[in-house]
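Notes for the structure review
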Amino acid sequence: MSAVAKRQMVTLDGETLTLEQVVAVARYGAIADLDPEAKQKVQRSREYVDQLIAGNQTVYGITTGFGMFSNVLISKEDAKKLQRNLIMSHATGVGEPLPLEVVRAILLLRANALAKGFSGIRLSTLETLLEVLNSGIVPVVPEKGSLGASGDLAPLSHMVLVLLGEGEAFYKGRRMSGRKALAQAGIEPVVLEGKEGLALINGTQVMTAVAALAVWDAENLWESANITAALSFEALEGILDAFDPKIHIARPHKGQIEVAQQIRLLTEGSTFVAPKQHPRVQDAYALRCVAQVHGPSGEAVAYVKRVVEIEMNSVTDNPLIFPEQGEVLSGGNFHGQPIALAMDFLGIAVAELANIAERRLERLVNPNLSGLPAFLTPDGGLNSGFMIVQYSAASLVSENKILAHPASVDSIPSSGNQEDHVSMGTIAARKARSIIENATHVLAMELLAACQGVDLRTGSGELKLGKGSEGAYRLVRSKVATLGEDRVMYPDIQLAKELVSSGKLVKAVRRKLGAKLKDGLKQRAEKFSRR
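This structure is a prediction, so every number in the text was calculated from the model and none was measured.

1. Structural notes on unusual backbone geometry
Residues Ala149 and Ser150 are joined by a peptide bond in cis, for which omega reads 5°. With respect to the helices and strands, Ser150 occurs in the loop between β5 (142–144) and α7 (153–163). Asn318 connects to Pro319 through a cis peptide bond whose omega is -5°. Structurally, Pro319 is set in the loop between α14 (290–312) and β8 (320–322). Phi is positive for Lys195, which is not a glycine, with a value near 80°. Within the fold, Lys195 resides in the loop between α8 (178–185) and α9 (196–201). The backbone of Met424 shows a phi angle near 55°, a positive value even though the residue is not glycine. Tracing the backbone through its elements, the reader meets Met424 in the loop between α17 (387–403) and α18 (425–458).

2. Let's talk about the packing of aromatic side chains
Throughout the structure, instances matching the rule amount to three aromatic pairs. Each ring, one from Tyr303 and one from Phe345, has its centre 5.9 Å from the other, and the planes form 55°; the classification is tilted. With a gap of 42 residues between them, Tyr303 in helix α14 and Phe345 in helix α15 (residues 337–365) connect regions that are remote in the sequence. Accessibility expressed as a relative area gives 35% for Tyr303, which makes it partly exposed.

3. With respect to the environment of Met88
Along the polypeptide, Met88 turns up in helix α4 (residues 79–90). Taking the C-alpha atoms as reference points, Met88 and His158, separated by 70 residues in sequence, lie 8.6 Å from one another. Setting aside residues up to four positions removed in sequence, Met88 forms contacts with Leu161 and Glu166.

4. What about the packing of helix α10 (residues 205–235) against helix α21 (residues 504–513)?
Two numbers describe how α10 lies on α21: the axes approach to 9 Å, and their chain directions differ by 60°. Here α10 lies oblique to α21, going by the angle between them. Two packed elements cross with a definite hand, and for α10 against α21 that hand is left-handed. Residues Asn220, Glu223, Ser224, Ile227 and Thr228 of α10 pack against Leu505, Val506, Val509 and Arg510 of α21. Per-class residue counts for the contact of α10 with α21 are four nonpolar, three polar and two charged.

5. A few points about the nonpolar core
Grouped together as the largest cluster of nonpolar side chains are 157 residues, with contacts concentrated most on Leu12, Ile137, Leu231, Val308, Met343, Leu346 and Phe386. Considering each element in turn, this core owes the most residues, 19 residues, to α10. Not counting the four nearest positions on each side in its chain, Phe386 is found in contact with Val365, Phe375, Leu376, Leu448, Ala449, Gln452, Leu483 and Met489. With seven residues, the next largest nonpolar core counts Tyr48, Ile53, Val59 and Ile62 among its residues.

6. Things to note about helix α3 (residues 36–54)
Between its terminal C-alpha atoms α3 stretches 27 Å, which fits the 27 Å expected from 19 residues at 1.5 Å a residue. Those residues of α3 lying buried are Ala38, Val42, Ser45, Arg46, Tyr48, Val49, Leu52 and Ile53. Across the axial projection of α3, the buried residues extend over an arc of 160°, all falling on one side. Turned more than 90 degrees away from the buried face of α3, the exposed residues are Pro36, Gln51 and Ala54.

7. Some words on the confidence of the model for the chain
Mean pLDDT over the chain: 92, with 95% of residues reaching 70 or higher. Confidence drops under pLDDT 50 across residues 1–5; counting only partners more than four residues distant or on other chains, this segment forms two contacts. The model gives residues 524–531 a pLDDT under 50, and that stretch makes 14 contacts with residues more than four places away or in other chains.

8. Here we look at the pairing of strand β6 (residues 168–171)
Taking every second residue as pointing to the same face, the buried face of β6 carries Ala169 and Tyr171, while none of Glu168 and Phe170 on the other face is buried. One ladder, built from two bridges, connects strand β4 (residues 138–139) with β6; its direction is antiparallel. Residue Val138 lies in a different strand from β6, and its bridge partner there is Phe170. Both β6 and strand β7 (residues 174–177) contribute to a ladder of four bridges, which runs antiparallel. Each bridged residue has a counterpart across the sheet, and for Tyr171 the counterpart in β7 is Arg174. Between β6 and the antiparallel strand that follows it, β7, lie two residues; Lys172 among them carries a positive phi value of about 55°.

9. Let's talk about the sheet that holds β7
One open sheet accounts for three strands, arranged β4-β6-β7; its pairing is antiparallel. The sheet terminates laterally at β4 and β7, the two strands that pair on one side only.

10. Quick notes on α4
For α4, with twelve residues, the first-to-last C-alpha span of 17 Å sits near the 16 Å given by 1.5 Å per residue. Looking only at α4, the buried set comprises Ala79, Leu82, Gln83, Leu86 and Ile87. End-on view of α4: buried residues confined to an arc of 130°, all on one side of the axis.

11. Considerations on the pattern of salt bridges
In this structure the tally under the stated criterion is 26 salt bridges. Between Arg110 and Asp317 there is a salt bridge, and its shortest N-O distance comes to 4.0 Å. In this pair, Arg110 sits in helix α5 (residues 100–114) while Asp317 sits in the loop between α14 and β8, placing the two residues 207 residues apart along the sequence. With a relative accessible area of 0%, Arg110 lands in the buried category. Between Glu470 and Arg474 there is a salt bridge, and its shortest N-O distance comes to 3.2 Å.

12. So, the packing of α5 against helix α6 (residues 123–135)
The contact between α5 and α6 brings their axes to 10 Å, and the two run at 155°. The pairing of α5 with α6 is recorded here as roughly antiparallel in orientation. Seen from above, α5 lies across α6 with left-handed handedness. For the pair formed by α5 and α6, the contact residues are Arg104, Leu107, Leu108, Arg110, Ala111 and Leu114 on the first element and Leu126, Leu129, Leu130, Val132 and Leu133 on the second. Here the residues of the contact of α5 with α6 sort into nine nonpolar, no polar and two charged.

Procedures and definitions
- Residues numbered from 1 in each chain as written.
- Predicted model: local features only at pLDDT ≥ 70, side-chain atom pairs only at ≥ 80, totals over all residues.
- Heavy atoms only, no water.
- Helix = DSSP H or I, 4+ residues; strand = E, 2+ residues; numbered from the N terminus.
- Phe/Tyr/Trp six-rings, centres within 6.5 Å; stacked < 30°, edge-to-face > 60°.
- Buried < 20%, exposed > 50% of the residue type's maximum accessible area, 1.4 Å probe, protein only.
- Contact = heavy atoms within 4.5 Å.
- Axes fitted to C-alpha atoms, helices over the stretch in contact; angles between N-to-C directions.
- Parallel < 35°, antiparallel > 145°, perpendicular 65-115°, else oblique.
- Left-handed = near helix turned anticlockwise from the far one by under 90°.
- Nonpolar A, V, L, I, M, F, W, Y, C, P; charged D, E, K, R; others polar.
- Core = buried A, V, L, I, M, F, W, Y, C linked by side-chain atoms within 4.5 Å.
- Expected span 1.5 Å × (residues − 1).
- Arc of directions from axis to C-beta.
- pLDDT = per-residue confidence, 0-100.
- Pairing = 2+ DSSP bridges.
- Salt bridge = Lys/Arg side-chain N within 4 Å of Asp/Glu carboxyl O.

Written out as C-alpha cells, the structure reads:
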C-alpha cells in the first residue's frame, strides 16, 4: 500500500465537513476527495453558466466587470481574460506568509464550498484544486490585505495564482515558483473559464480557516486552563467550598457548573487543599472565581465553534448559480460578519483565561500571598527563581489586552463606495490566533510555577495531590525538573508550552481520571449542543 493510500481520507460534499476533519487535513496530511453527488451538482451548475455565456446574457462577474465596474459589459470572447485579470489584479497581499497549516485549511474549505454546486466552477478546476492540496503544494499566501468582504479577495487570489502556474508555493520543504511546483508534482496549470476566477476568490475561506484551527486550539486551551488552575489551587492551599455544587446550581450557567465539576474532579483526594475548619474563610478571586471566569470562556468557545462549523459548510461567493430554478442571484454571503464577531468574542474569552492565570501565577511567586518562599526559590537573593517568569506572563497578558480590541467594530469603504461596509473578519481571526498563542505560553508558565509550588509545599510534610492534578504534575516532571538553583528557563517554558498546545496535558489527566472526566465532558458537549 502506498504512503498516500494510508493517509486518512476526507470526502467533501459541502455539507458535513467537521473541525476534526479540517485539522486532520491541515495539520496531519489527510487527503480530500469529492462526493459523487457533489460532482453532479458542480457539473449542473457549470452547464448553466456555459449557457449564460453562450447567450451573452448580462450577469454580474460573468459578463460584467467587478465591484464598481459591474456596469461594464464584457464580451464572451473576453470572458476568459476577465477571470485571469481578476486573479492577477487582486493578488495584492503583503506581510509574512500564512502558516502552512492555515493555507492547507484554506484549500480544503474553498473546495468544500465549491462542492455545494452554487458557484459555476468546472469540475476539472475543482479537481485541480484538490490535486494541489493532496500533492503537498502549499501556495504562498501573505497574511495581510483582506477586508473580510467581498470575502478574502487578496489572499485567496494568491492561492489561485499557483493553480494558474503563477505566484509562489512551498513544496517539499522549498519555496519556489507556482509553475515549478506544479511541474514537479505533475499537475497541469488551470486556464480559467467564465465565472471561475470569481468562484475561487469571492468567499470567507481565509478567515474561516484561521478560525477553525483557532477554535480547535481554544477548546484544548480551555480544558488545560482548568488543569493549571487546579494545580495552582492546590499549591496555594485553596478552599474547596467555592466549588460546592450548591453554589453553582444557584446560578446555573452551564459553563460555570462544568468548571466547578472539573475542579472538584481534578482535586479529588487532595491533602493540599485547606481543611473545612480553616482560619482563612475565603480565597482571592483568582482562586475562588475560577468557575465563574473559566465557565463563560468555555461557553464562548462552544458558541464560536458552532458559528465556524456553519461557515465551513456554507457557500460564500457571489453571484450564486441556481440551475434548477434557472436563476443567478447576487447577494452578500461573502460578508465575513459572522466570523468577525465570533473571532473577536473568542479572542476576548481566551484573553480572560490568560488574565486570571497570570494572577494565580503572581500569587504563587508572592510570599505575602502564598506562604511559599519568595519567587518559588529556596535560596532567594542568590537565586531569582520564577521572578521573571511572572514578568513575561504579565507582558503577554498586557499584549493580549491590546489584541482583544475588536476588529469587527471597524469598517472602511472600498471599490468606489460600492463595498461600503466590511467585516475585518480576517484581522479578527488572526488576532484571536495570536491571543491563543500568548495564552498558551501563560498557561505553561503557570503550570511550571504550580508544580514548583507543590514541590516546595511537600518539603514540609507528606501531602497528596488530587488524582487528576497528580497526572498533570507527573507529566510535567517527566519533562522538566524542579528548579533548585537558577538555570536558563526558556527551554522549560517551551517544553511546558508543548505539553499544553499538543493536548498531552489534557490526555494525561483524562487517563488518570478515566470515565469520570469523560462523562463530564460528554455531558458538557450534550448541554452545549442543545443550546
